Amino acid sequence: YRFFGEPVVEACVENGASCIDISGEPQFLEGMYLKYNEKAAEKGVYVVGSCGFDSIPADMGVLYTRDKLKGTLTAVESFLSVKSGPEGVGVHDGTWKSAVYGLADEANLKKLRKQIGYAPVPVVGAKLKKRGFLFYSPEFKEYCLTFMGSDGSVVRRTQRYLHTELQQTPVQYGAYVTVGGLGSVIKLMFMGMLFLLLVKFNFGRKLLTKYPEFFSAGYFTKKGPTQKQMDGTSFTMTFFGEGYSEGQDPQKGKPNVKICTEVKGPEPGYIATPIAMVQAALSLLEDAASLPKRGGVYSPGAAFSKTKLIDRLNKRGVEFSVISKPEV
C-alpha cells in the first residue's frame with residue numbers, strides 16, 4: 001500500500017466512490033486520513049482502511065467486548081493465537097515487505113502523527129499496565145510478545161473518534177501475540193534481532209525482501225501458503241476486558257467487573273481476510289443509515305460501530321463470542 005495504494009484512494013475520492021482496503025500499514029492508513037479525510041467528507045464518500053485480518057477482529061472485537069459488558073469497559077488486552085496443522089503456517093511475502101518498509105521508515109510515521117495533531121484521549125478508570133515486550137502468560141501457558149502489527153494504532157483511532165465525535169468512554173488497549181514455549185522464543189529473538197539489524201540499511205532491506213523464506217525460517221514465502229496449510233490453519237483472538245459496573249463512577253476506585261470474549265476464524269490471510277473485506281463492503285452498501293453522518297477516512301470500528309458487521313461476520317465463520325460473563 002505504501003507504494004501502490006494512494007492512486008486508488010485518490011481516484012475513488014475524486015470520482016465519488018467509497019472504498020475499503022486490507023492495509024496493515026499505519027503510515028499509509030494515517031497518511032490517507034491526513035490527505036483525504038476532508039475531501040472524502042465533501043464528496044460524501046467513505047474510505048475505510050484495514051478491513052482484513054487482523055484489524056477487523058481486533059477493532060470490532062474491542063467494540064463487541066464493550067457492548068457485552070454490563071457497565072463501562074475501560075481497558076482491554078487482546079491475545080492473538082494462530083494454530084496450524086501438520087503442514088505448518090505459510091504467509092505471503094507481501095506482509096513481510098510491509099513490515100520491512102514500515103520499520104525502516106518509523107521516524108516518518110512519528111512526523112506524520114505530529115502533522116495530524118491527534119488530540120490526546122483521556123485515560124478513564126485504572127491505567128492499563130504496560131507489559132514487557134516478552135512475558136509468560138499463565139492463562140495461555142505460553143510466552144507472549146507485544147503484537148507488532150497495526151492493531152494498536154487502528155483501535156486507538158477508533159477510540160479517539162468514538163470519544164471525540166460520539167462522547168463515548170474511550171477504552172485503553174494492549175495487543176499481544178502468543179508464541180509458544182522457550183524454544184520458539186529463542187528462535188524468534190534470534191530472527192528478530194537479525195531483522196532489526198538488517199532493516200536499518202538499504203543493503204539489509206534488499207536482502208530481507210529478496211530472501212524472505214530464509215530470514216523468516218520458512219514462514220514468509222513468495223508463493224504464499226499451500227492449500228493444505230490454509231486448510232489446517234485457524235486463529236483465535238482472546239480479549240480480556242475490565243471496567244466498572246453500572247452506577248459505579250469509572251473515575252473513582254478500582255475496576256470491579258471483568259469480561260473475556262473471543263473472535264475465532266479460519267486461516268487469516270486468504271480465508272478470514274476476504275470474509276472480513278466482503279462483509280465490510282456489504283455493510284457500507286446495505287447499512288448506509290448506520291454509518292457516520294459524514295463521509296471521510298475511517299478505521300473499521302469508527303465506520304461500522306453501529307452497523308450489522310459483527311452479525312454478518314458471525315454468519316460467515318468469523319465468530320464473536322463471550323467466554324466468561326462479567327462478574328463483580
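About the cut-offs
Residues numbered from 1 in each chain as written. Predicted model: local features only at pLDDT ≥ 70, side-chain atom pairs only at ≥ 80, totals over all residues. Heavy atoms only, no water. Pairing = 2+ DSSP bridges. Helix = DSSP H or I, 4+ residues; strand = E, 2+ residues; numbered from the N terminus. Contact = heavy atoms within 4.5 Å. Phe/Tyr/Trp six-rings, centres within 6.5 Å; stacked < 30°, edge-to-face > 60°. Buried < 20%, exposed > 50% of the residue type's maximum accessible area, 1.4 Å probe, protein only. Lys NZ or Arg CZ within 6 Å of the ring centre and 35° of its normal. Salt bridge = Lys/Arg side-chain N within 4 Å of Asp/Glu carboxyl O.

In the nomenclature of an unreviewed UniProt entry, the protein chain corresponds to SCPDL oxidoreductase from the organism Motacilla alba.

Visitor: Can you help me understand the pairing of strand 6 (residues 142-146) in this one?
Guide: In the sheet, strand 5 (residues 134-137) pairs with strand 6 via 4 bridges, with the strands oriented antiparallel. Counted as the bridge partner of Phe135 is Cys144 from strand 6.

Visitor: Hey, could you run me through unusual backbone geometry in this one?
Guide: If a residue is not glycine, its phi is most likely negative; likewise, a peptide bond is most likely trans. In this structure, the amide linkage connecting Phe53 to the following residue, Asp54, adopts the cis form with an omega of 20°. Relative to the helices and strands, Asp54 resides in the loop between strand 2 (46-48) and helix 3 (55-68). Look at Gln167: it is not a glycine, yet its phi comes out positive at around 55°. For Gln167, the position within the fold is in the loop between helix 6 (151-166) and strand 7 (172-180).

Visitor: It is not clear to me how the environment of Ser324 should be interpreted in this structure. Could you clarify?
Guide: Within the secondary structure layout, Ser324 lies in strand 12 (residues 319-327). Sequence separation between Ser324 and Cys260 is 64 residues, and the spatial gap between their C-alpha atoms is 5.2 Å. The contact partners of Ser324, leaving out residues within four places of it in the chain, are Ile259 and Cys260.

Visitor: What is the right way to read the sheet that holds strand 1 (residues 19-20) from this model?
Guide: Pairing within the open sheet is parallel, and its 3 strands lie in the order 1-2-11. The outermost strands of the open sheet, each flanked by one partner alone, are strand 1 and strand 11 (296-298). Here 3 bridges tie strand 2 to strand 11, and the two strands are oriented parallel to one another. Bridge pairing in strand 11 places Val48 opposite Tyr298.

Visitor: How should the packing of aromatic side chains be read in this particular structure?
Guide: Aromatic ring pairs are reported here in terms of the distance separating the ring centres and the angle at which the planes meet. Taken as a whole, this structure holds 17 aromatic pairs when the rule is applied. Seen from their ring centres, Phe79 and Phe140 are 5.2 Å apart, and the 40° between their planes marks the pair as tilted. Of the two residues, Phe79 sits in strand 3 (residues 71-83) while Phe140 sits in the loop between strand 5 and strand 6, which places them 61 residues apart along the sequence. Using a relative accessible area of 21% as the deciding quantity, one classes Phe140 as partly exposed. These aromatic residues form a ring-pair network of at least three members: Phe79, Phe135, Phe140, Tyr176 and Phe240. Taking NZ or CZ as reference, Arg131 lies 5.8 Å from the ring centre of Tyr176, over its face.

Visitor: How should I be thinking about the pattern of salt bridges in this particular structure?
Guide: Between side chains of opposite charge, a pair can form when the charged atoms approach closely. Summed over all chains, the structure comprises 11 salt bridges. Residues Glu38 and Arg294 are paired through a salt bridge, measuring 3.5 Å at the closest nitrogen-oxygen approach. Of this pair, Glu38 sits in helix 2 (residues 26-43) while Arg294 sits in the loop between helix 11 (268-286) and strand 11; the two residues are 256 residues apart in sequence, bridging distant segments of the chain. You can call Glu38 partly exposed: its relative accessible area is 48%. Residue Arg294 is classed as partly exposed on the basis of its relative accessible area of 46%. Salt bridges sharing partners connect three or more residues here, namely Asp93, Lys97 and Lys222.

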